[in-house]
Amino acid sequence: MIKWRIVHIIFWLMLALSAKAQDIEFSQFYANRLYLNPALAGSEFAPIASISYRNQWPQNNNPFVTYTISFDQYSDIINGGIGLLVVQDNQGDGTIKTTMVSGMYSYSLNIDRNFSINAGLKATYVQKKLDWETLVFSDMIDPLYGVIYPGREVRPASLSHSYFDFSFGLVANYKNFYFGAVADHMSEPDEAFHKDQYTAILPRKYTIHAGSLIPIGYSRGLMKSDNALSPNILYQKQQDFEQINYGLYFSRINWVVGAWFRQNLSFDLDAFIILIGYQTDRVRIGYSYDYVVSKLVKTNSGAHEISLTYLLGKTRTSCSGSHYFKKKRRIRAIKCPKF
């Protein structure tokens, strides 16, 4: 318990002083594609509803738990997609609760039958709440008896803080290749609760993601292979923090398995990630686990992540891509992974 109280101390000091906060991250970043890149809203054309759950360090007393729910669809009227995303993040068993509600629009431009570009904008309302009573500061701790002293820290005038945030993204798709770029936190909002004394700027975050879909096996006429490999890479930079995820998906009929490494650019490995997913024309469900390989391996228990997606339109999915049937037209969706 003392260990996690000390974590609370550190966390509060990071918020109170001139801190540089960082974002939530998902291992199944394409299952949370509206969080990843607003340009992916409506990219599959069929209306889609999704939920996900992430529990980081579950064996500790105060894990970091995140829930998401989203909906997006393509519209011919606006020649693009619209999306709605709600994120609930609980840090330290609810010591800090963050709720984000995002609306987004993406515009689709088809250059030719093989090349398309999507551009997306996202506007987010963010509310953070602090549970002051759960915080323990260093002056409250006796080395022998634990927390026995009253704290002398000044409570903020408000334990709730809200602001608006904005993001911009692009996705390009050429045949079996795709590339995306995102700029999050365009206005670099201030997250501090003690706004009259401190600042806690949320730095702008830049993301690049790319990959390819490679059918393997037979391909005769209109018959396509049900097997495919999909190498992928994700790079993110926020202030001085840099991270890269790289790995591979393998798809066979309805099943998908994947494996990635997550590390910084100094080649300090953070985690090895494994995934198994099952998908039909209507439903997708995925589970992933982050196995920590860094120096934190003895102090935490990785992360579990579950995603569930339901397609509300008529689709046909294969390893060569998804097609959406509407008004007797067949439209090819972006071939990025679904988990």
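Coordinates for the structure precede this section.
Residues numbered from 1 in each chain as written. Predicted model: local features only at pLDDT ≥ 70, side-chain atom pairs only at ≥ 80, totals over all residues. Heavy atoms only, no water.

Draft legend 1. Region of interest: the overall build of the protein chain. Counting secondary structure elements, the protein chain contains 2 helices and 22 strands. Burial statistics for the protein chain: of 339 residues in total, 49% are counted as buried. Intrachain contacts of the protein chain at a sequence separation of at least 6 include 55% that bridge at least 24 residues. Total accessible area computed for the protein chain in this model is approximately 17100 Å², and 61% of it derives from carbon and sulfur atoms. (Helix = DSSP H or I, 4+ residues; strand = E, 2+ residues; numbered from the N terminus. Buried < 20%, exposed > 50% of the residue type's maximum accessible area, 1.4 Å probe, protein only. Contact = heavy atoms within 4.5 Å. Areas by Shrake-Rupley, 256 points an atom, 1.4 Å probe, with all protein chains shown as cover.)

Draft legend 2. Just the packing of aromatic side chains, in detail. Scanning all chains against the criterion turns up 10 aromatic pairs. Where Phe29 meets Tyr30, the ring centres are 5.2 Å apart and the plane angle is 55 degrees; that geometry is what we call tilted. Residue class for Tyr30 comes out buried when judged on its relative accessible area of 1%. Centroid distance Tyr246 to Phe261: 6.0 Å. Interplanar angle 35 degrees. Geometry classified as tilted. Of this pair, Tyr246 sits in strand E15 (residues 241-252) while Phe261 sits in strand E16 (residues 255-263); the two residues are 15 residues apart in sequence, bridging distant segments of the chain. (Phe/Tyr/Trp six-rings, centres within 6.5 Å; stacked < 30°, edge-to-face > 60°.)

Draft legend 3. Seen up close, the nonpolar core. Counting residues in hydrophobic clusters, the biggest one holds 16 residues, and the most contacted among them are Tyr30, Leu36, Leu40, Tyr249, Ile334 and Cys336. Breaking this core down by element, the ones donating at least two residues are E16 and strand E17 (269-279). Discounting chain neighbours no more than four positions away, the residues touching Leu40 are Tyr30, Arg33, Leu34, Asp72, Val171, Ile334 and Cys336. In terms of nonpolar packing, the next biggest core, distinct from the first, is built from 12 residues, Phe26, Tyr35, Leu85 and Leu202 among them. (Core = buried A, V, L, I, M, F, W, Y, C linked by side-chain atoms within 4.5 Å.)

Draft legend 4. Just the environment of Val87, in detail. Positionally, Val87 belongs in strand E4 (residues 80-91). With 20 residues separating them along the chain, Val87 and Tyr67 place their C-alpha atoms 5.8 Å apart. Beyond its immediate stretch of four places on either side in the chain, Val87 contacts Ile24, Tyr35, Thr66, Tyr67, Thr68, Thr98, Thr99 and Met100.

Draft legend 5. Expanded view of the side chain of Gln243. Along the chain, the position of Gln243 falls in strand E15. Classification of Gln243 as buried rests on a relative accessible area of 7%. Within the structure, Gln243 has its side chain in polar contact with the side chain of Glu25 (distance 2.9 Å). Within the structure, Gln243 has its side chain in polar contact with the side chain of Asn245 (distance 3.4 Å). Not counting residues within four places of it along the chain, the set of residues in contact with Gln243 comprises Glu25, Leu234, Tyr235, Gln236, Arg262, Gln263 and Asn264. (Polar contact = N/O pair within 3.5 Å; in protein donor to acceptor, adjacent residues only side chain to side chain.)

Draft legend 6. Looking closely at the pattern of salt bridges. Going through the model one piece at a time under the given rule, you end up with 12 salt bridges. Put simply, Lys205 and Asp184 hold a salt bridge, and the shortest N to O gap is 3.9 Å. Separated by 21 residues along the polypeptide, Lys205 in strand E12 (residues 205-212) and Asp184 in strand E10 (residues 177-184) bring together distant segments of the chain. Classification of Lys205 as buried rests on a relative accessible area of 5%. In this structure, Asp290 engages Arg262 in a salt bridge whose closest nitrogen and oxygen atoms are separated by 3.1 Å. (Salt bridge = Lys/Arg side-chain N within 4 Å of Asp/Glu carboxyl O.)

Draft legend 7. Local environment of the environment of Ser187. Following the sequence through the fold, Ser187 ends up in the loop between E10 and strand E11 (200-201). Among the residues examined, Ser187 registers a relative accessible area of 43% and is labelled partly exposed. Remark: the alpha-carbon pair of Ser187 and Leu202, spanning 15 residues in sequence, is separated by 8.9 Å. In this structure Ser187 touches Phe164, Asp165 and Phe166, once residues within four positions along its chain are discounted.

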